[in-house]
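# Understanding the architecture of this molecule
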Amino acid sequence: MSISRRRTLLKVVILGDSGVGKTSLMNQYVHNKFSQQYKATIGADFVTKEIQMEDRLVTLQIWDTAGQERFQSLGVAFYRGADCCVLVYDVNVLKSFDTLDNWHDEFLKQANPVDPSSFPFILLGNKVDIDGGNSRVVSEKKAKEWCLSRGNIPYFETSAKEAYNVDAAFLCVAKTALANEHDQDIYFQNIPEAVSETEQRGGGCAC
Amino acid sequence: MGFGGCLNWKSEDLSLIDTNSSYAVKPEHIGDVRKTRFKLRPGRTLSQRKWQSAFSEDGHLDIGVVLSRIQRGGVHPSIRGVVWEFLLGCYDPNSTYEDRNRLRQRKMEQYGIWMAECQRMESTVGSGRYIIKPVITEDGQPIQDLSSQGGNASEPGEKTVSTTENSQHFEEALAGTPPLEKTEVNWKRTLHQIGLDVVRTDRALVFYESEANLAKLWTVLAIYAWIDKEIGYCQGMSDLCSPLVILLEDEADAFWCFERMMRRLVCITSLCPIVD
């Protein structure tokens with residue numbers, strides 16, 4: 001066996017307007033289930049998921065945040081140290097797409113990463129299942145154009161309800177965050193290696 | 001989860017579910033919802049009979065007896081609404097029936113006045129409908145697609161009309177109209193947020209299958225947001241308000257209970273004395 005069984009903690013922050021499905025996406029990915037039971041998220045909450053990527057065991061710490069604008073003031077505390085930011089909008093609600101600029105810029109302002117221009121974002125267009133796609137108001141083309149204008153952000157169309165594309169999207173999140181972490185290692189050699197837990201769970205690979 | 005846990009209430013945490021039909025769970029959600037630990041305990045639970053006998057002839061309430069019963073065995077579901085009115089301080093246990101009737105009358109009137117004020121600004125208030133899509137842009141331009149809900153509102157936020165198109169459209173219509181007060185703009189901007197949360201509140205309960213009940217919760221929160229401009233509406237308030245809207249049949253009574261609850265919560269968090 002390889003000796004480099006390094007354990008890495010990646011912090012991922014999910015942002016977007018109220019009701020776009022942030023909590024549902026996170027729970028679909030981590031617990032493989034969709035519930036009609038979710039309430040509005042208050043403040044923020046996080047869950048973790050372990051995945052195996054090549055020879056590394058990666059712990060994703062996924063932060064789910066409240067969509068209401070007034071909670072943005074708590075951002076500094078929640079965004080700090082993030083390795084990747086997942087932006088979510090609802091393809092059926094134009095306003096949730098229009099506010100992406102605001103979420104994107106506000107994140108960079110508050111998280112204050114070393115190199116804002118290369119900080120990894122991922123965009124998810126959620127709820128593509130609704131009404132068989134007939135009620136969508138934001139086209140894939142429009143979303144991809146936005147991604148291109150923001151430094152070629154990876155884009156996924158998802159349905160948390162039908163588990164469509166959710167694993168693929170978060171796998172991309174993990175890869176992107178990991179790549180970013182490599183970059184940061186160059187500058188921060190002596191930052192301690194994540195948290196170490198003794199127990200090691202098998203499987204859990206989302207690939 | 002320590003402090004982090006305090007920031008978030010998940011659906012299981014407010015144990016609302018018991019034998020009372022007000023809390024009946026939709027058949028498809030039985031199993032999703034955690035069962036209550038509440039059990040009727042004869043001789044301990046505050047029963048309807050015990051509650052009634054705790055009042056003197058003119059209506060003074062022996063709150064000590066009531067509290068010790070509640071502490072030992074909880075409150076019978078059938079009287080929870082009225083009991084909460086005293087626990088939250090809507091009514092003074094030392095008042096008489098007559099005092100309370102007069103006070104309630106005044107509260108009803110005041111609620112009516114605020115309701116009318118809000119109705120003048122947004123006609124959905126008090127119409128038995130509610131709003132889940134933005135009605136106003138950040139700079140105070142109305143959005144035409146008035147998305148009052150009253151019918152099928154199971155999916156929050158369906159179609160929205162382009163706000164830029166609308167603001168152009170409305171520029172003509174609004175020429176000469178004085179700009180809205182900032183307080184009004186701020187209030188209107190919270191209305192759809194309240195709606196988005198209302199449709200997600202305790203939705204395993206049969207109670208919220210009724211559009212009228214969703215509208216009741218929305219209206220109470222909308223009017224509260226208008227009278228408390230400092231707090232307005234903040235996510236999480238729908239969860240706090242929901243049990244009161246379920247337990248108190250009259251909307252104004254539910255509103256005043258919620259108002260008291262908010263006042264107490266604000267005082268607890270800011271360590272100020274509760275002023276009556």
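Residues numbered from 1 in each chain as written. Chains lettered and ligands numbered in written order. Predicted model: local features only at pLDDT ≥ 70, side-chain atom pairs only at ≥ 80, totals over all residues. Heavy atoms only, no water.

In the nomenclature of an unreviewed UniProt entry, chain B is known as Rab-GAP TBC domain-containing protein of Aquilegia coerulea.

Under an unreviewed UniProt entry, the name given to chain A is Ras-related protein Rab7, and the organism recorded is Aquilegia coerulea. UniProt lists a comment for chain A under the heading Sequence similarities (unreviewed entry), and it reads "Belongs to the small GTPase superfamily. Rab family." The heading Subcellular location (unreviewed entry) in the UniProt record of chain A holds the text "Endomembrane system". (UniProt positions renumbered as here; feature names shortened; annotations may be inferred.)

### Describing the overall build of chain A
Each helix and strand in chain A was counted, giving six helices and six strands. Of the regular secondary structure in chain A, the N- to C-terminal order runs β-α-β-β-α-β-α-α-β-α-β-α. The buried share of chain A, reckoned over its 207 residues, is 57%. Looking at chain A alone, contacts between residues at least 24 apart form 76% of all its contacts between residues at least 6 apart. (Helix = DSSP H or I, 4+ residues; strand = E, 2+ residues; numbered from the N terminus. Buried < 20%, exposed > 50% of the residue type's maximum accessible area, 1.4 Å probe, protein only. Contact = heavy atoms within 4.5 Å.)

### Examining the pattern of salt bridges
Applying the stated rule across the entire model yields 17 salt bridges over all chains. The closest approach of N and O atoms between Lys95(A) and Asp17(A), which form a salt bridge, is 3.5 Å. Highlighted residues: Lys95(A) in helix 3 (residues 94–98) and Asp17(A) in the loop between strand 1 (7–15) and helix 1 (22–31), separated in sequence by 78 residues. Given a relative accessible area of 26%, Lys95(A) falls into the partly exposed group. Measuring nitrogen to oxygen at the nearest pair gives 3.1 Å for the salt bridge that ties Arg102(B) to Asp99(B). Of the two residues, Arg102(B) and Asp99(B) are both situated in helix 5 (residues 97–121); the distance of three residues between them amounts to about one turn of the helix. Among the charged side chains, a network of salt bridges with common partners joins Lys39(A), Asp202(B) and Asp239(B). (Salt bridge = Lys/Arg side-chain N within 4 Å of Asp/Glu carboxyl O.)

### Some remarks on the domain arrangement of chain B
All names here are of chain B. Under the domain assignment used here, chain B contains domain 1 (11–87) and domain 2 (127–270). Counting residues at the interface gives 15 residues for domain 1 and 15 residues for domain 2. The contact between domain 1 and domain 2 buries some 1,300 Å² in all, and 70% of this surface belongs to carbon and sulfur atoms. Applying the counting rule to domain 1 against domain 2 returns zero salt bridges. At the surface where domain 1 touches domain 2, the tally comes to three residue pairs in polar contact (both at pLDDT 80 or more). Considering only residue class, the side of domain 1 that touches domain 2 consists of nine nonpolar, three polar and three charged. (Domains from an automatic or database assignment. Buried area = accessible area lost by both parts, 1.4 Å probe. Polar contact = N/O pair within 3.5 Å; in protein donor to acceptor, adjacent residues only side chain to side chain. Nonpolar A, V, L, I, M, F, W, Y, C, P; charged D, E, K, R; others polar.)

### With respect to a positive patch on the surface
Taken together, Lys39(B), Arg41(B), Arg44(B) and Arg72(B) make up a surface patch of like positive charges. With respect to the helices and strands, Lys39(B) occurs in the loop between helix 1 (3–6) and helix 2 (48–53). (Patch = residues over 30% accessible without salt bridge, like charges linked within 9 Å, V, L, I, M, F, W, Y side chains within 5 Å. Areas by Shrake-Rupley, 256 points an atom, 1.4 Å probe, with all protein chains shown as cover. Lys, Arg positive; Asp, Glu negative; His and termini not counted. Charge placed at Lys NZ, Arg CZ, Asp CG, Glu CD.)

### Focus: the sheet that holds strand 3 (residues 56–65) of chain A
Residues and elements named next belong to chain A. The mixed open sheet is built from six strands, whose spatial order is 2-3-1-4-5-6. If you trace the sheet from one side to the other, it starts and ends with strand 2 (44–53) and strand 6 (155–157), each paired once. Across the sheet, the mean angle from the axis of one strand to that of its neighbour is 25°, orientation sign disregarded. As paired elements, strand 1 and strand 4 (residues 84–90) share four bridges and run parallel to each other. Within the sheet, the bridge partner assigned to Val12 lies in strand 4 and is Cys84. (Pairing = 2+ DSSP bridges. Axes fitted to C-alpha atoms, helices over the stretch in contact; angles between N-to-C directions.)

### Let's talk about helix 10 (residues 251–270) of chain B
Residues and elements named next belong to chain B. For helix 10, spanning 20 residues, the distance from its first C-alpha to its last is 28 Å, which sits close to the expected 28 Å at 1.5 Å a residue. Every buried residue belonging to helix 10 is among Ala252, Asp253, Ala254, Phe255, Trp256, Cys257, Phe258, Glu259, Arg260, Met261, Met262 and Cys267, and all of these are buried. In this structure, the buried side of helix 10 is in contact with helix 4 (80–87), helix 5, helix 8 (211–227) and helix 9 (237–247). By the N-cap criterion, in which a side-chain oxygen at the helix start approaches the backbone nitrogen of a residue two or three places on, helix 10 is capped by Asp250, the distance to Ala252 being 2.8 Å. (Expected span 1.5 Å × (residues − 1).)

### Regarding the nonpolar core
Formed by 64 residues in total, the largest nonpolar core has its most connected members in Trp51(B), Trp187(B), Trp218(B), Leu221(B) and Phe258(B). Counting only elements with at least two residues in this core, the list comes to helix 3 (63–73), helix 4, helix 5, strand 1 (130–131), helix 7 (182–198), helix 8, helix 9 and helix 10 of chain B. Residue-level mapping places this core at the junction of two domains, with at least three residues from each of domain 1 (11–87) and domain 2 (127–270) of chain B. Counting residues in each nonpolar core, the second largest holds 30 residues, with Leu25(A), Met53(A), Leu124(A) and Phe170(A) among its members. (Core = buried A, V, L, I, M, F, W, Y, C linked by side-chain atoms within 4.5 Å.)

### As for the packing of helix 8 of chain B against helix 10 of chain B
Residues and elements named next belong to chain B. Between helix 8 and helix 10, whose axes approach to 10 Å, the crossing angle comes to 50°. Here helix 8 is positioned oblique relative to helix 10, judged by the angle of their axes. Handedness of the crossing formed by helix 8 with helix 10: right-handed. Between helix 8 and helix 10, the residues in contact are Lys216, Thr219, Val220, Leu221, Ile223, Tyr224 and Ile227 and Glu251, Phe255, Phe258, Glu259 and Met262, respectively. Broken down by class, the residue content of the contact of helix 8 with helix 10 amounts to eight nonpolar, one polar and three charged. (Parallel < 35°, antiparallel > 145°, perpendicular 65-115°, else oblique. Left-handed = near helix turned anticlockwise from the far one by under 90°.)

### Quick notes on empty space enclosed by the protein
Residue and element names in this part refer to chain A. In this structure the tally under the stated criterion is three cavities of 30 Å³ or more. For the second largest cavity, the calculated volume is near 70 Å³. Residue lining of the second largest cavity: Leu15, Gly43, Thr65, Ala66, Gln68, Phe71, Gln72, Leu74, Gly75, Phe78, Tyr79 and Trp103, and that is the complete set. Per-element accounting of the lining of the second largest cavity gives the leading share, three residues, to helix 2 (residues 75–79). Its residues placed into classes, the lining of the second largest cavity shows seven nonpolar, five polar and no charged. (1 Å grid on protein atoms, 1.4 Å probe; cavity = no way out; pocket = protein on both sides within 12 Å on 5 of 7 lines; lining within 4 Å. Points joined across faces, edges and corners; volume = space filled by probe spheres on them.)

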